[in-house]
Amino acid sequence: GKNGLYLDLVQVNPRNHLREVRIYVDSLGGPEDGIFTRGFLGTTRDFAVLRAMDWTGTNREAGLEDGKDEPMPFVHWEDYPQRSSFNWRAVPFDVVAELGNTVDADIWVNVPHTATDDFVLQMAKSVHDTLEPERKVYVEYSNETWNSMFDQAYYVGKKGCAKFAKDPEGECTIEGTEGLCSVSNRGTNGACYTYGLKYHAFRAAQIMVIWERAFKDRPGKLVRVLEIGRASCRERV
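These figures come from a predicted structure and were not determined experimentally.

S.K.: I would appreciate a short explanation of helix α2 (residues 93-103) in the present structure.
M.R.: At 3.6 residues per turn, the α-helix brings residues three or four places apart onto the same side. Judged by how many residues are buried, α2 sits mostly within the fold: 9 of 11 residues are covered. Of the residues making up α2, those classed as buried are Phe93, Asp94, Val95, Val96, Ala97, Leu99, Gly100, Asn101 and Val103. Close packing links the buried residues of α2 with α1 (38-44), β1 (49-51), β2 (106-111) and α3 (117-130). Residue aspartate 104 follows α2 closely and has a positive phi angle near 60°.

This is the structure we're talking about:
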């Protein structure tokens, strides 16, 4: 469940005390089977590519308060759950890679829209060091940044307006709101949408350069994914 598990240790033998505790799901069958249940593996084995977009917490609903209604956005690598974290509000990227190894599949990962360059590099290294060399990794910047139901649409709109618009406030302020491309029941305006697409392409290009550095020893296994509007394209490096 969401509240985790509580273990109460009431007695030990001081001459042969408890040294390690491991807890496994009944259906797992023991440590030799790794961290995935048999039932879960059974649902994934038939797929050639596993997209971990929802599993890694890519989407954020627009207009909700950070830390209250929505988790805080992932900005720095330290913000993102690691394998050793107490709980995973998003699944670590090396675990995604391990799943690909386990079921003999390629993986598809999404870079958080607010991630710093260092986050992108650490993410790429984590996947590179875990994913078996013969497997491909598809890399995409965020998800559906054109879709105004998601926070990332407003984020790229603000970034794009600030970077590319000649008159950011005049072009990108929605009537009745403050700030560029703010969330509104009026939706986004055309400038926010257009400049958002432009920023998405700009930031995606930066991200792919970082991933290329991490995968320089196996460039043929890195597949760049660019989604603009409702169409997407994949280009093999």
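S.K.: What is the right way to look at the layout of surface pockets in this model?
M.R.: By rolling a water-sized probe across the atoms, one finds the places where empty space is left. One number sums up the size of the second largest pocket: a volume of about 180 Å³. What lines the second largest pocket is a set of 16 residues, and nearest its centre among them are Gly57, Asn59, Arg60, Pro71 and Phe74. Residues belonging to the lining of the second largest pocket are distributed by class as follows: 7 nonpolar, 5 polar and 4 charged.

S.K.: Mind showing me how you'd approach the pattern of salt bridges here?
M.R.: Oppositely charged side chains may form a pair once their charged atoms are brought near each other. The tally for this structure, following the rule as stated, stands at 11 salt bridges. The shortest N-O distance in the salt bridge between aspartate 117 and arginine 203 comes to 2.8 Å. Taken as a pair, aspartate 117 in helix α3 and arginine 203 in helix α6 (residues 190-214) lie far apart in primary sequence, 86 residues in all. For arginine 203, a relative accessible area of 7% gives the class buried. A salt bridge links arginine 218 to aspartate 217; its shortest N-O distance comes to 4.0 Å. Owing to a relative accessible area of 12%, arginine 218 belongs among the buried residues under this scheme. Assessed through its relative accessible area of 53%, aspartate 217 is described here as exposed. Look at the salt bridges and you will find they share partners, linking Asp104, Glu132, Glu134 and Arg135 into a network.

Reading guide: rules and limits
- Residues numbered from 1 in each chain as written.
- Predicted model: local features only at pLDDT ≥ 70, side-chain atom pairs only at ≥ 80, totals over all residues.
- Heavy atoms only, no water.
- Buried < 20%, exposed > 50% of the residue type's maximum accessible area, 1.4 Å probe, protein only.
- Helix = DSSP H or I, 4+ residues; strand = E, 2+ residues; numbered from the N terminus.
- Contact = heavy atoms within 4.5 Å.
- 1 Å grid on protein atoms, 1.4 Å probe; cavity = no way out; pocket = protein on both sides within 12 Å on 5 of 7 lines; lining within 4 Å.
- Points joined across faces, edges and corners; volume = space filled by probe spheres on them.
- Nonpolar A, V, L, I, M, F, W, Y, C, P; charged D, E, K, R; others polar.
- Salt bridge = Lys/Arg side-chain N within 4 Å of Asp/Glu carboxyl O.

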